[in-house]
Structures are given as structure tokens and as C-alpha cells.
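Given next are the chains, with one letter for each unit.
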Amino acid sequence: MKKLTELVQSGDWKNEKHVPALHVEQKDGELSIVAQVGEEIEHPNTLEHHIAWIKVFFQPEGFKFPIEVGSYEFSAHGEEEVFSKPYVKAQIKTDKKGVVYAMSYCNIHGLWENSQEI
Ligand SMILES: [Fe+2]
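Here we summarise the structure given alongside this text. (Residues numbered from 1 in each chain as written. Predicted model: local features only at pLDDT ≥ 70, side-chain atom pairs only at ≥ 80, totals over all residues. Heavy atoms only, no water.)

## Observations regarding the overall build of the protein chain
Moving on, step 1. Along the backbone of the protein chain there are 0 helices and 9 strands.
Moving on, step 2. The order of helices and strands in the protein chain, counted from the N terminus, is β-β-β-β-β-β-β-β-β.
Moving on, step 3. Relative to its length of 118 residues, the protein chain is compact, with a C-alpha radius of gyration of 15 Å against a globular reference of 13 Å.
Moving on, step 4. Across its three principal axes, the protein chain shows a C-alpha extent of roughly 45 × 40 × 25 Å.
Moving on, step 5. Expressed as a percentage of contacts within the protein chain between residues at least 6 apart in sequence, the contacts between residues at least 24 apart total 59%.
Moving on, step 6. Summed over its atoms, the accessible surface of the protein chain is roughly 7,400 Å², and 50% of this surface lies on carbon and sulfur atoms. (Helix = DSSP H or I, 4+ residues; strand = E, 2+ residues; numbered from the N terminus. Rg over C-alpha atoms; globule rule 2.2 N^0.38 Å. Contact = heavy atoms within 4.5 Å. Areas by Shrake-Rupley, 256 points an atom, 1.4 Å probe, with all protein chains shown as cover.)

Encoded structure:
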């Protein structure tokens, strides 16, 4: 039996539509994080096939574990033509360096991750 971590997929977000694209900027003691699935290649967004959630983590340099800094659920999947887009923006107060992680979940294709060092 595989561990859950072995089932998390990754890749280049410009070529694989499930990988959350990450844009991270740090200035004035704050960390701005944008995570989006389907930035380059759009992911389906229907009741049958959609991104259900994105979670964002930050692991400060020298800290043992990643800290969950945001958890976002996308609840509308076409009701009355209303669709939640798998796009999030997190604003974190820290001047520490480290690694930002994003994880997304497609209801058909499972778990996907990306990371960026700052
Ligand atoms: Fe999918």
C-alpha cells in the first residue's frame, strides 16, 4: 500500500493543467501568494469535473514543518451557470525566507502540488 504522499502528483504548471501555478512576492514584511489551477491550460469546471480545493502552506527556513496558511474550497460548479474559479490570493505577514507550497484536488484526477522558494 502506498503512502498518501506518494500519490501526490506534480509537474510543470505550463504543461500540466492540474498543477497549481504559484506567483509569490515578498515585500514590506508581507508575503503575497497567488495560486491558480489552469492559468496556462484551462482545467474543466463542471459539476462532473472540477477543482474542489486548494491549500497553501509556508515553510519558513529552518522550521521543521510547513505551516498551513490558507485553505480554499470551490463550492459552485455550474448551478445557474455560476462557477467558482480555482484561483486564490493569500496575504501572509512574515519577512522570513522559506518555501511556499500549494496543493490542489481534482475530483477526478486527484492531488497535485507545486512549490516555490523565496
Ligand atoms: Fe481534472
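## Details of the pairing of strand E4 (residues 67–73)
Regular strands show a simple pattern: their side chains alternate between the two faces of the sheet.
Moving on, step 1. Across 6 bridges, strand E3 (residues 51–60) lies against E4 in antiparallel orientation. Note that in E4 the partner of Phe58 across the bridge is Ile67. (Pairing = 2+ DSSP bridges.)

## Examining the sheet that holds E4
Moving on, step 1. In spatial order, the strands read E4-E3-E8-E9; together these 4 strands make up an open sheet with antiparallel pairing. On the outer flanks of this sheet lie E4 and strand E9 (110–117), each paired with one strand and no other. For this sheet, the mean inter-axis angle between neighbouring strands, taken without regard to orientation, is 15°.
Moving on, step 2. The pairing of strand E8 (residues 98–106) with E9 spans 8 bridges and is antiparallel. Each residue of the ladder has a partner; that of Val100, found in E9, is Gln116. (Axes fitted to C-alpha atoms, helices over the stretch in contact; angles between N-to-C directions.)

## Notes on the packing of aromatic side chains
Moving on, step 1. All chains considered together, the criterion is met by 1 aromatic pair.
Moving on, step 2. With centroids separated by 5.7 Å and ring planes inclined at 20°, the aromatic side chains of Trp53 and Tyr105 adopt a geometry described as stacked. Taken together, the residues span a long stretch of sequence, with Trp53 in strand E3 and Tyr105 in strand E8 at a distance of 52 residues.
Moving on, step 3. Its relative accessible area of 30% is what places Tyr105 among the partly exposed residues.
Moving on, step 4. Taking NZ or CZ as reference, Lys55 lies 5.9 Å from the ring centre of Trp53, over its face. (Phe/Tyr/Trp six-rings, centres within 6.5 Å; stacked < 30°, edge-to-face > 60°. Buried < 20%, exposed > 50% of the residue type's maximum accessible area, 1.4 Å probe, protein only. Lys NZ or Arg CZ within 6 Å of the ring centre and 35° of its normal.)

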